[in-house]
Each structure stands twice: as C-alpha cells, then as structure tokens.
Amino acid sequence: MSNAEPVDPKNFFISYNRADRQWAEWVAWTLEAAGYSLIIQAWDFRPGGNFVLDMHRAARETEKTIAILSHAYLNAEYTQPEWAAAFVDDPQGLQRKLIPIRVEECTPEGLLKPIVYVDLVGRSEAEAQQDILSALKDRAKPAQKTIFPGDAKPADSNPIAFPTEPNVWAVPHDRNPFFTGRDAVLQDIQETFAKSRTAALCGMRGVGKTQTAIEFAHRYRYDYGFVFWVRAETREELISGWVEIASELQLSISREPDHNVIVATVRQWLATHSDWLLILDNADDLKLVQEFLPKGNRGHILLTSTAQATGRMPQIELNRMSLEEGALFLLRRAKLVSEQVAFAETDQGDRTLAETICREMDGLPLALDQAGAYIEETPSSLDGYLELYRDEKTALLTDRGELVVDDHPCVTVTFSLAFSRVEERSLAAADLIRVCAFLAPDAIPEEIFTAGAAELGDRLSASASRRLEFDKVIKEATRFSLMAYKPQTKTFNIHRLVQEVLKAEMDEATQRVWVDRSINTLAKVFPNPQEFENWGRCDRFLNHILMALDASDAVESENKAFLLNRTGVLLKEQGLYREAEPLLVQALDLRRGLLGEEHPDVAASMNNLAGLYESQGRYGEAEPLYVQALDLRRGLLGEEHPDVAASMNNLAGLYESQGRYGEAEPLYVQALDLNRGLLGEEHPDVATSMNDLAVLYESQGRYGEAEPLYVQALDLYRRLLGEEHPYVATSMNSLAVLYKSQGRYGEAEPLYVQALDLRRGLLGEEHPDVATSMNNLAGLYGSQGRYGEAEPLYVQALDLYRGLLGEEHPDVATSMNNLAGLYGSQGRYGEAEPLYVQALDLRRGLLGEEHPAVAASMNNLAVLYCYQHRFAEAEPLLIQALEMCDRLLGANHPDTISTRQSLEYLRKVMNSDDHE
C-alpha cells in the first residue's frame, strides 16, 4: 500500500496549444490572482519530468479542465485527449467539468460544439477578466489565495501581459480556413527563432510555403508588436516592400523619392528595434535578399524560398503532404467536411478516395487545393473527380478555380514559370530535367547522366562528362526545387506533377526525342541481369526503365528492344513471371521487325521467352521457340559457339521436365562437351551443364552417375561464384534431393536448410525457388515422420506457388501432391484425397497423359485408396501407372519398382481369404 499523502485537488487544468501559450498563461494568471489553484504545462511541467505522467497527474489532480479554443487548438492532434477525459466524466455538462474559452475566431465541432464557451474575441483585458470570473461564479472559491507551486509562477510585480494584436499588422493575406497539418513545421519555425533571428522555409513551388508562413503569422501574432510581409522575388518587390514598411511605421522618410534612403532607414529601424516579425515571401534569390536584411539580432525574419542551399541561415524543409494530411485538406477544401473535423471522423469511403487523389497528386497542396476548388464549384464527387483527373489530367492542372482568394497561379503555370527560369540560367540543366520527366520520379541514379552522357544531346553530354561542370548543372537544375539531389545516394527526385506539366508542354516530336534519349542512355548503363552480382545495380535502374518504356510507344529502336529483353530477363530471374512476359514478347516482336528473322538477337529473344514459358509450365509454347532458337544459332554462329551450347542445354531441360528423357540426354551431353571445349573446365556454364545432366540421371534413377556430377558442380560454383549466390543454393538443393532419394537424410537436411536460408537471403521470401526449397525440406521432414515440422512448410510452399505462378502450373500440382502425401501418412484421408485428385487432373492437363509425374500421381492416389480399402478404385490406377513407368522410365527405375510393388500388394490383399 502506498504511503503517499492524499493530494488536495486543484481547481483547474489549463489545456492549450503551444501557439496559444500567451493566452493560456494570461488566463492562468487571472485565475490565480482571483484565488483559484491550477496546473498549466508552461509553469508546472519542469525539465527532466515525464510529459505523459505529468499530463496524467494533471487530469487526476484537478477538478475541471479549461480548454483555450483557437484554430490551432481545434486542429491539433494532441489536444483532444487533454479535454476528452473531462467530457467523459460529465457528458451532459451538469458539473461543468469542461469549460471552453474561445480566444480567436473558430468554430468548435464534434463533441465540443454543444458546449457553451466563454468568448474573449474582441474583448478588452478588463472585459476578458470579468467574463472569465463571471463564468466561474457558481464555483466555490478557496478561502485564501492559493500560492502557485514552484518557481515558474510569475511575480506579482510583473503580471502576464494580456494578449493583444500587434501595433502594426501588415500581412496582406487572410488566414486560410482550410489550412491542415504542418504543426511540426510551425513548431520547427518557433524553435528555430529561439536560437536564431532568421529561418528559411524551403521547398518546391506549390508545396504550401506561403500558406504555412501565413498560418505562422496568424498563430503567433501575439508574440510580436509588429508583423510585416514583403514579396521578395525581385529587387523591385523588395524595394516596394521596404517603402510599405516605412509607411506602416509612419516614418518621416516614407515619401522620400530616393528609395535607397528609405531602404537604409528601414534597415536601421529593424536593427534598432525588437518585437517584430518580417516575412519575406518567394525569396528565391538569397544573394539579392541579403542586401536588404538588417544587421543585428533584434527581431525575427522568416523567408519562404525554393532555394536548396541557404548558407548560414537555418533551413526548414517543407515537403509534400502525407496521405492523411493531404486527404483531410482535400476534404476540407472541397467542403465535404467542416474545418474542425478530424480525419478519423470522416467517412471511410471518402477517406480512401481522398487518399487516392492525394497519392496521384503526390501530396502537392496546390494541386489538392485546385482539386478541392473544382469539386466544390462544379459540383463534383470524389470518385467523379478521380475518374476525370485520370482522363483529363493536363486540363485539370491548369484549372485554378473561380473562387480562390489567393493570387497563386495554377499548377501548370507555377511549374512552367520555374522551368523557364532554369532554362534561362542553364540549357544543360533544363535538359537534365527534361530527361527526368520520362523516368520514375524518385531515386533517379546520377550515373544515368554521367555514364550515359553521350546519348543525351550535345548540351547535357558536354557537361555530364566533366564533374565540375556537372555539379554546376545539378546546382541550376535544383535551384528552384523542381528537382532535388541527394549526394549520399547520388540520386535525383522530381515531383510527379512537374513531370506531367513538362510532358504536356512538349509536342509529339519533342517528346519522342527525349524518350529516345532516355531509352538510349538507359540501354547503355543497364548491366547484364543474368549475372547475379549485378542485381543490385539492375534494381537501381528498373523503375526508370519501366517508366521510359511505358512512354515509348512511338519509339522503335534496337536499344528499346535491348532494354525490353534485358528487363524481361531480370524480372524472370526474380520470379516475376507475369511482369516479365509482356516485355519479352515485345522484345521479340520488335527485333523481328527491325532485324528480320535471321539475326542472333532474335534467337536470344526466342530463347529467353521460351525460358519464361518453361518456368510457367507452358511447355507447348516453349518448345517451338527453343527449337527455332537452336536452329537459328547453329545457322548463324556455327556449331562451336557458347550460345549454341546454351540452347541445347535449355531444350534438354524442357524435354526433361516433360519426361522425355531419351531426347534430353544427348542434348545435355553435347552441351556439356561443347562448354568444356569452348570455356574450359573452370566456368559457371560448365557447372550448370553438369548440374542439369545430374538432374536427368537422378530422374532416371541413375544415382551413381548423378552424384559425382552434383558434387563437382557444387564445388565449381562455390569456387567461381562464392558461397552467396543463387546457383550455389540451387546446386545444394539438387544434391540434397539426391541424398533424400537414397535415404541419406542426415546428409540431405543441412544442405536443404542452407539452400533455403540462402535463397531467402538472396531472393527474398516471394520467389518460386524459395517455395521449392520449402517444399523439399518439408518432404524430408515428412519422410522422417516429423510431420509437425513438415506441414507448415508444405502449406507455405503451396500458397507461395499459387500466388506467384497461378493455379495452372506443374509446381502447384507437385506441391498439392506432396501435401496430400503428408496428410495420407497421418491418416487424414479426407484432406488428402481432394488434393491428390486435383494434382492428377492438373498434371494431366499441363503435361499430358504420357509423363512420369502423371504416373506418380496415379500411384499416390491409388495407394490412398488402398489405405481406405477402396481396392476396386485403386487397381486400374496402379495398372495404368505401372504401364506408363515401364514405358517412360524402364523396368528398373525406382518409381517403376515402387509402383509394381504397390500393385502386387494390392492383388495379394484382394485375393486373400480375409478380404471381403
């Protein structure tokens, strides 16, 4: 039990947003001066304390909560929990547990809406004091004045000043009622001003810098005696702004014809006075602005700028809105919800649509503002606008709306003007941005421009080939925040809507020039994806290649075909078969059209597309392509060429997958001999030929011939490629399969486990090879009776195969068959049978009736029927399976022997005296 003394509850907890601290402290001072006790964060939450615990204590140790209502308070994320507890304790307001005090124009919504508030808007200090104390008259005041605890209580001789409007308020913009989020940015500005007299709010055009500066001025206006606003894009605007300041201050020189005198005088006034805030809007040329800034550290200067470098001036980056912020802003701007409604309180369907629109506009506030204006003025629905935007994006980006109150141009004009300024300063920088318009917007690799410089036109190639010159190009391209450069990753980012505007302003011929240049330079820098060590670099370019290809309908070139083929190969190797197919098909069609049928690149495309079809189990489509590719390579390259060996090996692999072992073996042997003769013994392709021939021998039950080839292939892969390579994992898995087939489980298990771990680490969880390793390891566990370990692996493998390969694939059938076998071993016949039946039907449909896998499925289903004493159903299946095994595998194959034994056992049981 606690020995702590009971705490006498204080009268009030003051809940407020940090923007209203002056109001909160003035209210607190007024109440304590009248004899009330209270807790307020500014005075009672001391350094070193735990904020969450302090807040909990404040709610527990006070009788009532006073909420300081303002626009900032109602839109803040963290204020609601402070008053919600009081509301829950007294939802009908009978005890007046929650007392709102409104200190600026705002409209409470939701739970706060029906509660009567004390309104201090427009009241004098004396009137405000009277209003507050009168509202509390039903309260029992303490008999004695309560002393404020701690050293944070202001002294009686220096009371907290009543928040009053600035002596000079020269902000020409009303507060935006739809302003949403950005609380962290506003807090960053305030904290920066605690350490420095200047702060630069930086970001691209349209990201909301001006609106954020307006909100800051309104929220913190009580902190200043003078608030000035100056447009700072040009020297003329700056001079005009200084003249306006002189007029607002009623300085004697305000009508001086020599503007230099006015500027000097205003600078002197700012340097010798305090308590002022100066906002310089659109101060993109910081060198120009520096000429006008006062010396000294008396007031605060907030600049909005597109500059990415601000020197010694503290910089606060304003980025695109998050999905939640942007969606809520859109809903408010479209007037689909009121300004005070929280995001979680909006309709779920509206939230989803608003988030989708925000995502399409990449969180750009200006674009969202235009969308909201369109929805309000048309009027339109969210889903209607989204459909229209996708069809008429260019037109909608130019529609600013008729009822907007600011003078900000539309998205199209905003970005067009910025691009024009880049073009005036550097044609090479403008070309850099043009190229980026046809790439993915994020993480654009610098090496596209440096390594592929020769393909980018005279202006950009001349600069990109020299580091110093290219740094200057980067500086100009990023000067107005149309692009950003990340030196840590050596990548560029460009906003999606900048891309849309630039492309919309190009005619078809100009677009084709820049798409063609993009394609050509990407073809130059994209590495060979068939070498695993290149995958990381390939992924760095992948999204940009896909984006450029998507824009290249009008382009027909060998470089485009090259990119289509190489990208398709990468996706196929990564197990992304659906994504790979259209690229490989286009590559083959384009090469045929450009090069004719008799060309090595056409043969390469045929071979690659055939490999994809084989991986998908589409053997009928793969075979003619493999055959044509082999014939074409023989005719063009001769018999003594590595590509001919590769084609032989691939066609042999297809035959092996179809159970056509007699046709596969001579091709495998020829390919191995050819690779050895052309490449020598120490080459990965030789290891691949060894491994593939060993797979064939194992499938035929020729284990003694398979094992030395497997071992040699694994040793060769390890030596040439290192331990961390997919080929090593494949070789381990193959050798483990052989050991498992021979009952050498102790040797198989570590290889299976290593192969699975290696594949997961190298290929990720979503890859067919990972599913294969799971399936094989599960099979080993099942053979050892470790059913609890086997089942989850089998289930995961089947789910993964289905997700990656679809329902119609031989590997899916194999996975079903294996899981059914596990269930059968456990006596779970009802779960096993439908899987066996599906696997048999699938194999028949995909592989035909003459395939060893079909025979295996028949055998397995028949054995299940035997377990259930369904002998009449089992016998014809075993007969068919045995005839097929004899024909396809030979009488001495392990599968043939096993099937024969099953049939003999069945007939013995059926003929026994006990069988009735």
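Shown above is the structure to which this text applies.
Right, let's walk through the structure included here. (Residues numbered from 1 in each chain as written. Predicted model: local features only at pLDDT ≥ 70, side-chain atom pairs only at ≥ 80, totals over all residues. Heavy atoms only, no water.)

To continue, consider the overall build of the chain. When helices and strands are tallied, the chain shows 41 helices and 14 strands. Against the compact-globule benchmark of 29 Å for 916 residues, the chain has a radius of gyration of 38 Å, which places it well outside the compact range. Dimensions of the chain along its principal axes, counting C-alpha atoms only, are 115 × 80 × 50 Å. Looking at the 916 residues of the chain, the share that counts as buried comes to 52%. If you take every contact in the chain between residues at least 6 apart in sequence, the share linking residues at least 24 apart comes to 67%. Summed over its atoms, the accessible surface of the chain is roughly 40300 Å², and 48% of this surface lies on carbon and sulfur atoms. The centroid of the 88 positive side-chain charges in the chain is displaced by 7 Å from the centroid of its 140 negative side-chain charges. (Helix = DSSP H or I, 4+ residues; strand = E, 2+ residues; numbered from the N terminus. Rg over C-alpha atoms; globule rule 2.2 N^0.38 Å. Buried < 20%, exposed > 50% of the residue type's maximum accessible area, 1.4 Å probe, protein only. Contact = heavy atoms within 4.5 Å. Areas by Shrake-Rupley, 256 points an atom, 1.4 Å probe, with all protein chains shown as cover. Lys, Arg positive; Asp, Glu negative; His and termini not counted. Charge placed at Lys NZ, Arg CZ, Asp CG, Glu CD.)

What follows is about unusual backbone geometry. Cis geometry is found at the peptide bond from threonine 378 to proline 379, where omega equals -20°. Locating proline 379 in the fold gives a position in the loop between helix H14 (365–377) and helix H15 (382–391). Positive phi, normally seen in glycine, also occurs at aspartate 275, with a value near 70°. Within the secondary structure, aspartate 275 sits in the loop between helix H10 (259–272) and strand S9 (276–281). Non-glycine residue lysine 335 carries a positive phi angle of around 60°. Inspection of the secondary structure assignment puts lysine 335 in the loop between helix H12 (323–333) and helix H13 (348–360).

Burial within strand S1 (residues 10–15) is extensive, with five of its six residues counted as buried. The pairing of S1 with strand S3 (residues 62–69) spans five bridges and is classified as parallel. Looking at the pairing, lysine 10 lines up with threonine 62 of S3. Examined bridge by bridge, S1 and strand S2 (residues 38–40) share three bridges and lie parallel to one another. From the neighbouring strand, phenylalanine 13 faces S2, where its bridge partner is isoleucine 39. Tracing the backbone out of S1, into helix H1 (residues 21–33) and back to the parallel element S2 gives a crossover that is right-handed. (Pairing = 2+ DSSP bridges. Right-handed = clockwise from strand over helix to strand, strands pointing away.)

Going through the model one piece at a time under the given rule, you end up with 18 aromatic pairs. Taking the centre distance of 5.2 Å and the plane angle of 80° together, the rings of phenylalanine 226 and tryptophan 269 count as edge-to-face. Taken together, the residues span a long stretch of sequence, with phenylalanine 226 in strand S8 (residues 226–231) and tryptophan 269 in helix H10 at a distance of 43 residues. No difference in accessibility class separates phenylalanine 226 from tryptophan 269, as the two residues are buried. Ring-pair connections join several aromatic residues into one group, and the members of that group are Trp23, Trp26, Phe162 and Tyr222. When the ring centre of phenylalanine 343 is taken as origin, the NZ or CZ atom of arginine 351, which lies over that ring, is 5.8 Å away. Above the plane of the ring of tryptophan 514 lies arginine 517, whose end atom (NZ or CZ) is 4.6 Å from the centre. (Phe/Tyr/Trp six-rings, centres within 6.5 Å; stacked < 30°, edge-to-face > 60°. Lys NZ or Arg CZ within 6 Å of the ring centre and 35° of its normal.)

Another aspect to go through is the pattern of salt bridges. On inspection of all chains with the given rule, the structure shows 59 salt bridges. A salt bridge links aspartate 362 to arginine 496, with the shortest nitrogen-to-oxygen separation between them at 2.9 Å. Taken as a pair, aspartate 362 in the loop between H13 and H14 and arginine 496 in helix H22 (residues 496–504) lie far apart in primary sequence, 134 residues in all. The class for aspartate 362 is buried, based on a relative accessible area of 10%. Judged by relative accessible area, arginine 496 falls into the partly exposed class, the value being 29%. Lysine 572 is the salt-bridge partner of glutamate 573, the closest N and O atoms lying 3.7 Å from each other. Residues joined by salt bridges that share partners form a network here, namely Glu104, Glu165, Arg175, Asp183, Glu215, Arg219 and Arg221. (Salt bridge = Lys/Arg side-chain N within 4 Å of Asp/Glu carboxyl O.)

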